[in-house]
Amino acid sequence: MLEADGHEIAIMDVDKFAFDHLPPDFKGLKVLGDGTDQDTLRRAGAERADAFIAATRGDNRNALASQIAQHVFQIRRVGSVIFDPIREEVYHGLGLRTVNPTKLEAKLLRELIEQEEA
Amino acid sequence: MFIIVAGAGKVGYHLARALIADHEVLVIELDPARVDFVATELGTDVVMQGDACDAATMERAGMERADLVVATTGDDDDNLTFCQISKARFDVPRTVARINNPQNESLFRQLGIDSTVSATNLILGHIEQELPWRGLIPLMTLTGLNLEIVEVRVPNEARIVGRQVKQLLLPQGALLCLVISEGTPRLPTPDTTIHPDDILVAVTNIEAEESLRRALTESDAAPG
């Protein structure tokens, strides 16, 4: 989506098979490695990044990666997926921009049910 | 004190065992087998099964009345989250984190973790102290102040050799505290002369460390 918008993308994962899910015409940089490691982030170009997104399945990993992006690499736009609503509240309070899929899904499901009733 | 420890691995277990005589200690551990082990060795009231970063578990552990929490797991992300939630949600006065990836140590400090312990950095410090000369050796970090006490041995060719303390150009935020000449420590005065192989002890803020190293160790010929 972001690439289609015209942005230059670098994507990181510790699992090399994860890159198989990317569309075949993906032109960005694929970096095999740990997104919570400063050297690996540097390899992915974190020093010149305008935005950073942490979207692994692990809340704690996302929170650490985002805070490294924000405080070590001084990236201004940092977005983080945090599944646990309480953890999301804490990190939001600490100044991270967060998305909580749990709450979003609950909201969508509620809307779905309410539509059925109508 | 009431101390909550996250993680009952080797570090967490031995820490709890050492603290238990003088403090109330509770270890939170995810792995049931480790929980059983600690319960058998230290008592069932010392350990609790659960995710230490989960607020409900933290509440059950009595986080509100904890005086100190220590994160000892082998994962920095878990250690950071545990400490940050303890502080932000439960107002725990003091947080201590084990650092696994040494690059995370200064970030954790910056994020408000009160004390950090990195085995890798400690071992590196010891190795550096035993080598003849490797620039500044960090001796100690002053908690919460962004200050460090460092040691340096003056190289023969350093441009400060033969100069007096009042002639030294030290960076802002750095203070020379002690000059050890041939094993005798002296408080530096403006007239103290620096000799080769003197050991200097200085307090510096972390940002000034690199310029302090250059000021104290570089020769005139050195580039930059």
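Small disclaimer: the values here were computed from a predicted structure and weren't measured.

## What about the packing of helix α3 (residues 85-93) of chain A against helix α4 (residues 76-90) of chain B?
Put simply, α3(A) and α4(B) touch, their axes get as near as 10 Å, and they point 75° apart. Overall, the two elements α3(A) and α4(B) adopt an arrangement that is roughly perpendicular. Contacts between α3(A) and α4(B) pair A:R87, A:V90 and A:G93 from the former with B:T81, B:Q84, B:I85, B:A88 and B:R89 from the latter. The residue makeup of the contact of α3(A) with α4(B), split by class, is three nonpolar, three polar and two charged.

## Notes on unusual backbone geometry
Residue and element names in this part refer to chain B. Of note in this structure, D91 is not a glycine but carries a positive phi near 55°. Among the structural elements, D91 can be located in the loop between α4 and β5 (95-99). You can call D91 exposed: it has 10 C-beta atoms within 10 Å. Despite not being glycine, E182 has its phi angle at roughly 45°, a positive value.

## Quick look at the environment of B:K10
Residue and element names in this part refer to chain B. If you trace the backbone, K10 turns up in helix α1 (residues 10-19). Judged by local crowding, K10 falls into the exposed class, with 10 C-beta atoms found within 10 Å. Taking the C-alpha atoms as reference, K10 lies 51 Å from Q164; in sequence the two are 154 residues apart.

## Regarding the environment of B:V46
All names here are of chain B. If you trace the backbone, V46 turns up in the loop between α2 (32-42) and β3 (47-49). On the neighbour-count criterion, V46 (20 C-beta atoms within 10 Å) is buried. Between the C-alpha atoms of V46 and V35, which are 11 residues apart in sequence, the distance is 9.5 Å.

What counts, and at which threshold
- Residues numbered from 1 in each chain as written.
- Chains lettered and ligands numbered in written order.
- Predicted model: local features only at pLDDT ≥ 70, side-chain atom pairs only at ≥ 80, totals over all residues.
- Axes fitted to C-alpha atoms, helices over the stretch in contact; angles between N-to-C directions.
- Helix = DSSP H or I, 4+ residues; strand = E, 2+ residues; numbered from the N terminus.
- Parallel < 35°, antiparallel > 145°, perpendicular 65-115°, else oblique.
- Contact = placed C-beta atoms within 7 Å.
- Nonpolar A, V, L, I, M, F, W, Y, C, P; charged D, E, K, R; others polar.
- Buried ≥ 20, exposed ≤ 12 C-beta atoms within 10 Å, placed from the backbone.

Limitation: the analysis is restricted to geometry and does not speak to function.
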